[in-house]
Amino acid sequence: MGETLRVGQVLRYASAKDPTEPEIDGYANFHYVTDAPGHKRALLESGINGMAKVAADGRQRRPAILIRSSPWKAGSEQTPWHDLFDMDNGLVRYFGDHKAGLTKSPGTTTGNATLLDAFTEHQAPTPEERAGAAPLLLFRSVSRLGKVKGFVEFCGLGVIERAERVVQWAGHEHTTFTNYVYDIALIDLAAENDQVDWDWITARRHPAVSDKEALAKAPRGWREWVKRGHSALPQVRRRVARARVTKVREQRPSPGSQRDNDLRFVYDYFDGRKHDFEAVASAVAARVLKGSGHNYREGWITRRSGDGGADFVGRIDLGTGLAGTSLVVLGQAKCIRPDSLVSAEQIARVVARLRRGWIGIYVTTGAFSEAAQLEMVEDQYPIVLVNGMDLARELRGMARDDHGNDLAACLKHILYAQDVPITSRRPEEILLA
């Protein structure tokens, strides 16, 4: 792997354009990172910078389009629009380069013509055609060292979802003119640690390198988009929330491992008497919350009927006296097959029961679907998720600490020896207990 561009990285874009120094003024040198001996320099002189096309695979291939947004110019007479960079949700709304006073068609300006050409490629119906499509590398100008010019932040890799004409105004007299605006989907680069390898772009610049060979160097999300087209965007779009999502396979113990055996033992132990599992879930919830440093107090297990969507209740105490408060903890226990998934709808039902000052905890022998986790993170649900592997780990820890490493004895103790009552009291009553 050669030099890379990392999302969020600030690079020095010096006017000398010297590619020999790795750093300038303490920042990575843009021209060093993007240097490709034998090829012209990559530039960000304009807002839309299309690299020269090369003849490859019997057609013209544009290696890449480098886009720069200058927020400090937004709202000015020359740049009356405001580009939108929503990097958390993988969306950039970028305005083209037509301006007030130009008599030519908005689609014939250099930048718009370049992006409209790329848009056609990005809408191509086959993987073979999309393999040659120009990737968009997005940057925005940032201020550093007291300067508004000379520094750019790399914002990611994108494809054009939509292009539309819009009417804008500019100047003191509010002169109207027509321009294009582009909705660009940022591609998820998590598999590459949020980086783009410049060797990929260099390969695309070489006429002897086929689209297929160049594609092998592309980020995984880009390859998936080439394979499936825009139907893949919901899965490959950059979303920061995904960084907090745990893959289903990572929530399950390795087959045949001690933890896998423990989890299956727990499931079999409560098969046919799932209500008893609620006491175990309450005990595990207490261990998890106390282990993270909270002052947690177990309350009670709810009755089989009329539980109002909660299986157990607890309380977290924060601070003391006038400087303290308490949170109601509403617990849900779900003893399901270890290879089963808890859906977003199931978590949402628990969240719907929460009031202000309440949090939830969901304990299961299964795993949480990635869609459920994503919804939880994006909607900021106040709920703690304990999957089957975490459950098995906590129970084995309890067995090792207090029951001679005997898991069966640990479960019996939770069920019959602990003083956690079963009651139909309302959850808010825990604040008075």
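Residues numbered from 1 in each chain as written. Predicted model: local features only at pLDDT ≥ 70, side-chain atom pairs only at ≥ 80, totals over all residues. Heavy atoms only, no water.

Participant: Teacher, can you tell me more about the sheet that holds strand β17 (residues 325-334) here?
Facilitator: Strand pairing in a sheet relies on backbone hydrogen bonds, with the paired strands running either antiparallel or parallel. The sheet built from six strands is open, its strands ordered β21-β19-β17-β16-β15-β22 with mixed pairing. Each end of this open sheet is capped by a strand with a single partner; those strands are β21 (383-386) and β22 (422-423). Note: strand β16 (residues 312-318) against β17, seven bridges, orientation antiparallel. Counted as the bridge partner of D317 is S326 from β17. (Pairing = 2+ DSSP bridges. Helix = DSSP H or I, 4+ residues; strand = E, 2+ residues; numbered from the N terminus.)

Participant: Hey, could you run me through the packing of helix α8 (residues 258-270) against helix α13 (residues 407-416) in this one?
Facilitator: What describes two packed helices is the angle between their axes and the distance between those same axes. Axis separation between α8 and α13 bottoms out at 11 Å; the angle between their running directions is 45 degrees. Taken together, the axes of α8 and α13 are oblique relative to one another. As for the relative orientation of α8 and α13, their crossing is right-handed in sense. When α8 is examined against α13, the residues D262, F265, V266, Y269 and F270 are found in contact with a partner set consisting of L407, A408, L411, K412 and L415. Each residue belonging to the contact of α8 with α13 can be placed in one class, and the counts come to eight nonpolar, no polar and two charged. (Axes fitted to C-alpha atoms, helices over the stretch in contact; angles between N-to-C directions. Parallel < 35°, antiparallel > 145°, perpendicular 65-115°, else oblique. Left-handed = near helix turned anticlockwise from the far one by under 90°. Contact = heavy atoms within 4.5 Å. Nonpolar A, V, L, I, M, F, W, Y, C, P; charged D, E, K, R; others polar.)

Participant: Help me understand the packing of aromatic side chains in this model?
Facilitator: What characterises a pair of aromatic rings is the spacing of the ring centres plus the angle enclosed by the ring planes. Applying the stated criterion across every chain yields a total of 11 aromatic pairs. Each ring, one from Y13 and one from F30, has its centre 5.2 Å from the other, and the planes form 65 degrees; the classification is edge-to-face. Placement of the pair is Y13 in the loop between β2 (10-12) and β3 (23-24) and F30 in helix α1 (residues 30-33), with a sequence separation of 17 residues. Each member of the pair, Y13 as well as F30, is classed as buried. (Phe/Tyr/Trp six-rings, centres within 6.5 Å; stacked < 30°, edge-to-face > 60°. Buried < 20%, exposed > 50% of the residue type's maximum accessible area, 1.4 Å probe, protein only.)

Participant: Looking at this model, I keep getting lost on unusual backbone geometry. Mind explaining?
Facilitator: Glycine aside, residues mostly have negative phi angles, and peptide bonds mostly take the trans form. Phi is positive for D194, close to 65 degrees, though the residue is something other than glycine. Classification of D194 by relative accessible area gives partly exposed; the value is 23%. With a phi angle near 70 degrees, N405 is a residue other than glycine that sits in the positive phi range. Within the secondary structure, N405 sits in the loop between α12 (388-402) and α13.

Participant: So what exactly am I meant to see when it comes to the nonpolar core here?
Facilitator: A general tendency of soluble globular proteins is for nonpolar side chains to be buried together. In this structure, L137, F139 and W222 are the most contacted members of the largest nonpolar core, which totals 55 residues. The greatest single-element share of this core, amounting to six residues, is contributed by strand β12 (residues 151-170). What W222 contacts, discounting residues up to four positions off in sequence, is H122, A133, A134, P135, L157, G158, V159, I187, W200 and L215. Of all hydrophobic cores here, the second largest spans 35 residues; its members include F312, I361, L411 and L415. (Core = buried A, V, L, I, M, F, W, Y, C linked by side-chain atoms within 4.5 Å.)

Participant: It is not clear to me how helix α9 (residues 277-291) should be interpreted in this structure. Could you clarify?
Facilitator: Along an α-helix, residues three or four positions apart point the same way, because every turn accommodates 3.6 residues. Along its 15 residues, α9 runs 21 Å from first to last C-alpha, staying within 8% of the 21 Å computed at 1.5 Å per residue. With respect to burial, α9 is a largely interior element, 11 of its 15 residues being buried. Turning to α9, its buried residues are F277, E278, A279, V280, A281, S282, A283, V284, A285, A286 and L289. Where α9 ends, the next residue or the one after it, G293, has phi of about 95 degrees, a positive value. (Expected span 1.5 Å × (residues − 1).)

Participant: Help me understand helix α11 (residues 370-378) in this model?
Facilitator: For α11, the set of buried residues is A372, Q373, L374, M376 and V377. Contact partners of the buried residues in α11: β18 (341-342), α10 (344-353), β20 (367-368) and β21. Positive phi shows up at Q380, right after α11, with a value of about 55 degrees.

Participant: Help me out: how do you make sense of the pairing of strand β11 (residues 136-141) in this one?
Facilitator: Two faces make up the sheet, and in a regular strand the side chains alternate between them. With five of six residues buried, β11 lies mostly within the body of the structure. Bridge count between strand β8 (residues 65-69) and β11: five bridges; the pairing is parallel. Among the inter-strand pairings, L66 is bridged to a residue of β11, identified as L137.

Participant: Quick question: what am I supposed to make of the environment of L233 here?
Facilitator: Along the polypeptide, L233 turns up in helix α7 (residues 233-236). Residue classification places L233 among the buried positions, given a relative accessible area of 4%. The spacing of L233 and H31 is 202 residues in sequence and 31 Å in space, taken between C-alpha atoms. For L233, the contacting residues outside a window of four places in its chain are V159, E161, A185, I187 and W225.

Participant: I'm lost on the pairing of strand β15 (residues 295-302) in this one. Help?
Facilitator: Where β15 meets β16, six bridges bridge the pair, whose relative direction is antiparallel. Residue Y296 lies in a different strand from β16, and its bridge partner there is I316. Of the strand pairs in this sheet, β15 and β22 are connected by two bridges, and their pairing is parallel. What sits directly across from T302, in β22, is T423.

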